[in-house]
Amino acid sequence: MGDRISVTKSADPSGWRAGAQRLVSRQRPALSRGSGRFAIALVLRLAAVALLAWIGYVHWHLWQEGYRDIHINGPFFLADAIVAIGFAVLLLAWPRPPVGLLAALFTASTIGGLVISLAVGLFGFHESISASYVVESLVLESLTVVILAIWTVLAATAVTRR
């Protein structure tokens, strides 16, 4: 009885707003070349680039093998291949947090499309778990999202405030 709860506003520059600003910053992450963080970020980024290239290759291969003939879904395989390769090149050439964030969201949406196609069908097409590259895609695309998320957070925390 009589207890008061005091709420104060924090001007903490490392709060969620500052973190969000770093996440969408076009600034290059300030990672010292000799540091362990630099090595970890580099390995994660190169792994993400390789995995994105693999995603692009698999979708291109499936499109070539006949998925292009699937009504509505076929063009998505070609688009997925092009966008995945584009993100791989962009992440390699311009390593910034927004690229990692967008690549992670893209990859998650690719997983989502596959899961929907497996569960209930997508635009009238039902994928089979036993089809080529389905299990590999689920595993490696999930790994790609995790790696991209970790790299993006690591890169965003290394962006200096101006």
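First, a word on scope: everything that follows refers to the structure included in this document. Here the structure is a predicted model, which means the values were calculated and not measured.

Here we come to the overall build of the protein. If you tally the helices and strands in the protein, you get 5 helices and 0 strands. From first element to last, N terminus to C terminus, the protein shows the α and β order α-α-α-α-α. In the protein, which comprises 162 residues, the proportion classed as buried is 36%. For the protein, the proportion of contacts with a sequence separation of at least 24, taken over those separated by at least 6, is 74%.

We describe a pair of aromatic rings using the distance from one ring centre to the other and the angle between the two ring planes. Throughout the structure, instances matching the rule amount to 5 aromatic pairs. Measuring from centroid to centroid gives 6.1 Å for phenylalanine 76 and phenylalanine 123, while their planes differ by 25 degrees, and the two rings are stacked. In this pair, phenylalanine 76 is assigned in helix H3 (residues 73–93) and phenylalanine 123 in the loop between helix H4 (97–119) and helix H5 (134–157), connecting sequence segments 47 residues apart. Judged by its relative accessible area of 46%, phenylalanine 76 is partly exposed. Within the aromatic cluster, the residues linked to one another by ring pairs are Tyr67, Phe77 and Phe125. Residue placement shows arginine 68 over the ring face of tryptophan 63; its charged tip is 5.0 Å from the ring centre.

So, about the environment of serine 137. With respect to the secondary-structure elements, serine 137 resides in helix H5. Each C-alpha atom of the pair serine 137 and isoleucine 111 lies 7.9 Å from the other, and the pair is 26 residues apart in sequence.

On to the layout of surface pockets. Of the pockets and cavities examined, the largest pocket occupies roughly 440 Å³. What lines the largest pocket is a set of 24 residues, among which His59, Phe77, Asp80, Thr110 and Leu114 lie closest to the centre. If you list the elements that add at least two residues to the lining of the largest pocket, you get helix H2 (36–64), H3, H4 and H5. Of the residues in the lining of the largest pocket, the class split is 13 nonpolar, 8 polar and 3 charged.

Formed by 20 residues in total, the largest nonpolar core has its most connected members in Leu52, Phe87, Leu91, Leu148 and Trp151. For this core, the leading source of residues is H2, giving 7 residues. Not counting the four nearest positions on each side in its chain, leucine 148 is found in contact with Ala48, Leu52, Leu91, Gly100, Ala103, Ala104 and Thr107.

Before going further, it helps to examine the packing of H2 against H3. It is the contact of H2 with H3, at a shortest axis distance of 8 Å, that shows an interaxial angle of 160 degrees. When the axis of H2 is compared with that of H3, the two are roughly antiparallel. Crossing geometry of H2 relative to H3 is assigned as left-handed. Two secondary-structure elements touch here, H2 through Arg45, Leu46, Ala48, Val49, Leu52, Ala53, Ile55, Gly56, His59, Trp60, Leu62 and Trp63 and H3 through Gly74, Phe77, Leu78, Asp80, Ala81, Ala84, Ile85, Phe87, Ala88, Leu91 and Leu92. Taken together, the residues of the contact of H2 with H3 break down into 18 nonpolar, 3 polar and 2 charged.

Conventions and cut-offs
- Residues numbered from 1 in each chain as written.
- Predicted model: local features only at pLDDT ≥ 70, side-chain atom pairs only at ≥ 80, totals over all residues.
- Heavy atoms only, no water.
- Helix = DSSP H or I, 4+ residues; strand = E, 2+ residues; numbered from the N terminus.
- Buried < 20%, exposed > 50% of the residue type's maximum accessible area, 1.4 Å probe, protein only.
- Contact = heavy atoms within 4.5 Å.
- Phe/Tyr/Trp six-rings, centres within 6.5 Å; stacked < 30°, edge-to-face > 60°.
- Lys NZ or Arg CZ within 6 Å of the ring centre and 35° of its normal.
- 1 Å grid on protein atoms, 1.4 Å probe; cavity = no way out; pocket = protein on both sides within 12 Å on 5 of 7 lines; lining within 4 Å.
- Points joined across faces, edges and corners; volume = space filled by probe spheres on them.
- Nonpolar A, V, L, I, M, F, W, Y, C, P; charged D, E, K, R; others polar.
- Core = buried A, V, L, I, M, F, W, Y, C linked by side-chain atoms within 4.5 Å.
- Axes fitted to C-alpha atoms, helices over the stretch in contact; angles between N-to-C directions.
- Parallel < 35°, antiparallel > 145°, perpendicular 65-115°, else oblique.
- Left-handed = near helix turned anticlockwise from the far one by under 90°.

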